[in-house]
Amino acid sequence: MPVGLFRVCLLVITAIVNHPLFFPKENGTIPENTEEIIQKMKEREESLRLEQLRLEQEIADQEATQKALEKAAVVVEESKEEKVRWDMWTALSMVIFLLIELWRQDFQEGNWQDTGGEEDDMAVLGKAFKGVAFPDKAVLASFYEKRILGTTGDMARMREMVEGFADDLLEALRSVCNRDADMEVEDCMGVGSMYENWRVRKPFVCDLIVPFAPPEPYCFRCQTWCSGDSFPPDEQGYGTIKVCRADEDATGCICDKTKLGEDMLCLLHSQVSSTRPSSEMEDLLCFKNTQYLDADQVMKWFQIAVTKAWNRISHKYEFDLSFSLLDSPGALKIKFKSGKSIAFNLTPVVQYENSDVYFISHFPRSSLAEDIPSSTHWFLTFAVYERRFIQLVSKTLPANACHVSCLQILSFLHGKQCSLTGPSGLTNYHLKTVLLHLLQARPSQDWAPEKLEARLQDMLKFIEKCLHEKKLYHFFIGNGKVPAELGFPIIFQRAEPLNLFRPFVLRRDIYRKMVDTFHEMLRNMSALINEYTVHIPLAHTNGIRKE
């Protein structure tokens with residue numbers, strides 16, 4: 001009985017415990033709450049991670065800013081130190097520059113242009129000479145004899161004929177001019193290749209210069225770029241010519257610069273002489289409203305005067321005379337009835353003080369005056385001194401010296417190359433300037449006839465060097481070694497050297513064409529010489545000599 005009662009009680013208790021009203025199923029919600037908590041924990045963890053990254057980025061930015069500030073401070077400090085060092089280097093560079101400039105001036109006075117007088121200096125073979133077959137002595141001698149030597153007789157006869165006619169024409173010009181108002185024309189002088197005996201290419205053209213002076217009481221006062229006043233670089237080599245009264249001071253009287261009162265009178269000049277109408281100066285061939293001689297006005301006057309002179313003497317000659325070039329005042333051509341013609345240039349010039357340096361109005365057949373600053377700027381020509389220098393040096397050279405032969409061969413080859421590839425900036429005047437430098441630099445025995453080949457190579461090497469450096473100095477300007485026997489004006493010896501290649505520094509197209517033409521000439525040199533040596537018949541050569 002007690003056992004049964006115990007079992008009944010145990011059953012009741014068990015039923016009560018498991019009744020859902022007393023104990024709800026809490027275990028059923030546990031899984032859902034756990035997932036939410038885990039999700040929230042993950043979101044919190046993610047937000048904390050992002051916050052950590054943000055803080056790390058801020059810390060990194062602050063560190064980078066701090067480093068940048070520190071680096072800037074270091075740069076500023078270094079710049080201060082660098083500035084101090086730079087100031088020291090600037091001062092040192094200025095000192096070095098001044099020393100170099102002083103050395104350069106001494107070098108120019110002592111050595112003038114580096115002409116390569118020594119064999120080591122001349123042995124500068126550039127790329128242009130690689131693979132060039134240079135003619136030997138026998139070929140050069142044969143070429144010179146057959147192609148060039150036979151023209152000498154023609155030049156002599158032509159010079160004689162042209163000079164005689166020019167003297168007659170100038171005499172007629174003086175007779176048609178008004179001696180009281182027109183310019184006074186002096187005797188002409190022959191210059192250039194025809195009178196230095198190295199002209200080789202036909203047609204032969206004689207170059208004659210004609211000095212002229214103003215009528216009394218006027219005179220010319222010449223001013224050059226090296227006379228003291230500053231001239232721009234592009235006007236070096238030029239000068240101006242002022243027309244003044246002979247009794248007028250070179251700097252001008254103060255009465256021309258200051259307004260005098262009505263009761264004041266200049267004791268040197270009367271009222272008549274102090275005022276010069278512009279029309280009077282224009283009659284003296286000056287530029288409008290100035291006292292400076294105008295090259296264009298001179299050209300017009302000279303052409304009219306030559307035309308009048310020819311009309312006066314034309315009946316004496318059985319040929320016609322005409323102007324061959326409109327832009328050159330004295331480019332004349334004689335036309336015979338047979339159809340033959342002779343060309344020559346009669347160019348007006350103005351003498352510089354009492355020397356044989358002349359202001360020339362125009363350069364016939366030349367590019368030297370292509371960029372004249374204005375018509376009141378006149379280029380200076382030293383052609384008379386160049387001819388005298390060649391004559392003076394020739395007296396000290398061995399018999400039959402090769403200096404003229406070198407220039408003739410080189411001029412012929414360059415002319416032939418230009419006829420094939422077009423004009424070049426390198427002119428015969430540049431070639432002659434090279435010869436003048438070498439004549440001064442080399443001893444007399446180096447110009448013996450058997451050394452023609454070596455001297456011709458020297459000239460080519462010298463030209464190549466000048467082209468590479470874009471520097472070829474005028475022979476007389478700045479040259480302190482000009483022989484005293486020439487009586488050359490000292491003002492030009494003390495002047496800064498004049499670079500004849502300066503115009504090509506900025507004009508690269510012309511410079512490139514000049515270099516290409518020279519290199520092409522080197523490559524064709526042997527072929528041209530062999531062609532004119534082999535294919536010229538002997539009969540034709542003899543015929544040339546008999547003409």
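Residues numbered from 1 in each chain as written. Predicted model: local features only at pLDDT ≥ 70, side-chain atom pairs only at ≥ 80, totals over all residues. Heavy atoms only, no water.

Participant: Any chance you could break down the overall build of the protein chain for me, citing the residues and the numbers?
Facilitator: Each helix and strand counted, the protein chain has 17 helices and 10 strands in total. Considering the protein chain as a whole, with its 547 residues, one finds that 41% of them fall into the buried category. Of the roughly 32200 Å² of accessible surface on the protein chain, a fraction of 56% belongs to carbon and sulfur atoms. (Helix = DSSP H or I, 4+ residues; strand = E, 2+ residues; numbered from the N terminus. Buried < 20%, exposed > 50% of the residue type's maximum accessible area, 1.4 Å probe, protein only. Areas by Shrake-Rupley, 256 points an atom, 1.4 Å probe, with all protein chains shown as cover.)

Participant: Go over the UniProt feature "coiled-coil region" (unreviewed entry) in the protein chain with me, naming the residues and quoting the values.
Facilitator: Per the UniProt annotation, the sites labelled "coiled-coil region" (unreviewed entry) are residues 38-72. Secondary structure across residues 38-72 comprises 100% helix and 0% strand; the distance between its end C-alpha atoms is 50 Å. (UniProt positions renumbered as here; feature names shortened; annotations may be inferred.)

Participant: A description of the pairing of strand E7 (residues 331-336) should follow, citing residues and the corresponding values.
Facilitator: The two faces of a sheet get side chains in turn, since along a regular strand they alternate between them. By the bridge criterion, five bridges tie strand E6 (residues 319-323) to E7 in an arrangement that is antiparallel. Bridging across to E7, Phe323 finds its partner in Leu332. A loop of four residues connects E7 with strand E8 (residues 341-351), the two strands running antiparallel in sequence, and Gly339 in this loop sits at a positive phi of about 105°. (Pairing = 2+ DSSP bridges.)

Participant: Could you give me a rundown of the packing of aromatic side chains, with the residues and numbers involved?
Facilitator: On inspection of all chains with the given rule, the structure shows 27 aromatic pairs. On the numbers, 4.8 Å between centres and 50° between planes, the contact of Phe389 with Phe475 is tilted. In this pair, Phe389 is assigned in helix H10 (residues 383-394) and Phe475 in the loop between helix H13 (452-469) and helix H14 (490-493), connecting sequence segments 86 residues apart. As far as the burial class goes, Phe389 and Phe475 line up, both buried. Among the aromatic side chains, those forming a connected cluster through ring pairs are Trp225, Tyr352, Phe359, Phe382, Tyr385, Phe389, Phe475, Phe476, Phe488 and Phe492. One Lys or Arg, Arg159, reaches over the ring of Tyr195 and ends 5.8 Å from the middle of that ring. (Phe/Tyr/Trp six-rings, centres within 6.5 Å; stacked < 30°, edge-to-face > 60°. Lys NZ or Arg CZ within 6 Å of the ring centre and 35° of its normal.)

Participant: Describe H13, and please don't skip the residues or the numbers.
Facilitator: Between its first and last C-alpha, H13 extends 26 Å over 18 residues, near the 26 Å set by a 1.5 Å rise per residue. The element H13 is largely enclosed, with a buried count of 13 among its 18 residues. The first or second residue beyond H13 is Lys470, which carries a positive phi of 55°. (Expected span 1.5 Å × (residues − 1).)

Participant: Kindly report on the packing of helix H12 (residues 428-441) against H13, identifying the contributing residues and their values.
Facilitator: Where H12 contacts H13, the two axes come as close as 10 Å, and the packing angle between them is 115°. Between H12 and H13, the angle is such that the two are roughly perpendicular. Crossing of H12 against H13: the hand is right-handed. When H12 is examined against H13, the residues Leu431, Val434, Leu435, His437 and Leu438 are found in contact with a partner set consisting of Asp458, Met459, Phe462 and Ile463. Among the residues forming the contact of H12 with H13, the class breakdown is seven nonpolar, one polar and one charged. (Axes fitted to C-alpha atoms, helices over the stretch in contact; angles between N-to-C directions. Parallel < 35°, antiparallel > 145°, perpendicular 65-115°, else oblique. Left-handed = near helix turned anticlockwise from the far one by under 90°. Contact = heavy atoms within 4.5 Å. Nonpolar A, V, L, I, M, F, W, Y, C, P; charged D, E, K, R; others polar.)

Participant: Report on a nonpolar patch on the surface, specifying residues and quantitative values.
Facilitator: A grouping of Leu92, Ile96 and Ile100 is seen on the molecular surface, where their side chains present a nonpolar patch of about 260 Å² in accessible area. Positionally, Ile96 belongs in helix H2 (residues 30-111). Using a relative accessible area of 42% as the deciding quantity, one classes Ile96 as partly exposed. (Patch = residues over 30% accessible without salt bridge, like charges linked within 9 Å, V, L, I, M, F, W, Y side chains within 5 Å. Salt bridge = Lys/Arg side-chain N within 4 Å of Asp/Glu carboxyl O.)

Participant: Just give me the short version of the environment of Val357, but keep the residues and values in it.
Facilitator: If you trace the backbone, Val357 turns up in the loop between E8 and strand E9 (358-360). A relative accessible area of 0% places Val357 in the buried class. Sequence separation between Val357 and Tyr385 is 28 residues; the distance between their C-alpha atoms is 7.7 Å. Contacts of Val357, omitting those with residues within four sequence positions, involve Val350, Gln351, Tyr352, Leu380, Thr381, Phe382, Tyr385, Phe488, Pro489 and Phe492.

Participant: Can you tell me about the pattern of salt bridges, naming the residues and giving the values?
Facilitator: This model, assessed by the stated rule, comprises 15 salt bridges. Note that Arg174 is salt-bridged to Glu171, the shortest N-O span being 3.0 Å. One end of the pair, Arg174, and the other, Glu171, are both in helix H5 (residues 152-176), three residues apart, so they sit about a helical turn from each other. Judged by its relative accessible area of 48%, Glu171 falls in the partly exposed class. Arg523 is paired through a salt bridge with Glu520; the nearest N and O atoms lie 2.7 Å apart. Separated by three residues within a single helix, Arg523 and Glu520 lie in helix H16 (residues 508-534), roughly one turn from each other. For Arg523, a relative accessible area of 53% translates into the label exposed.

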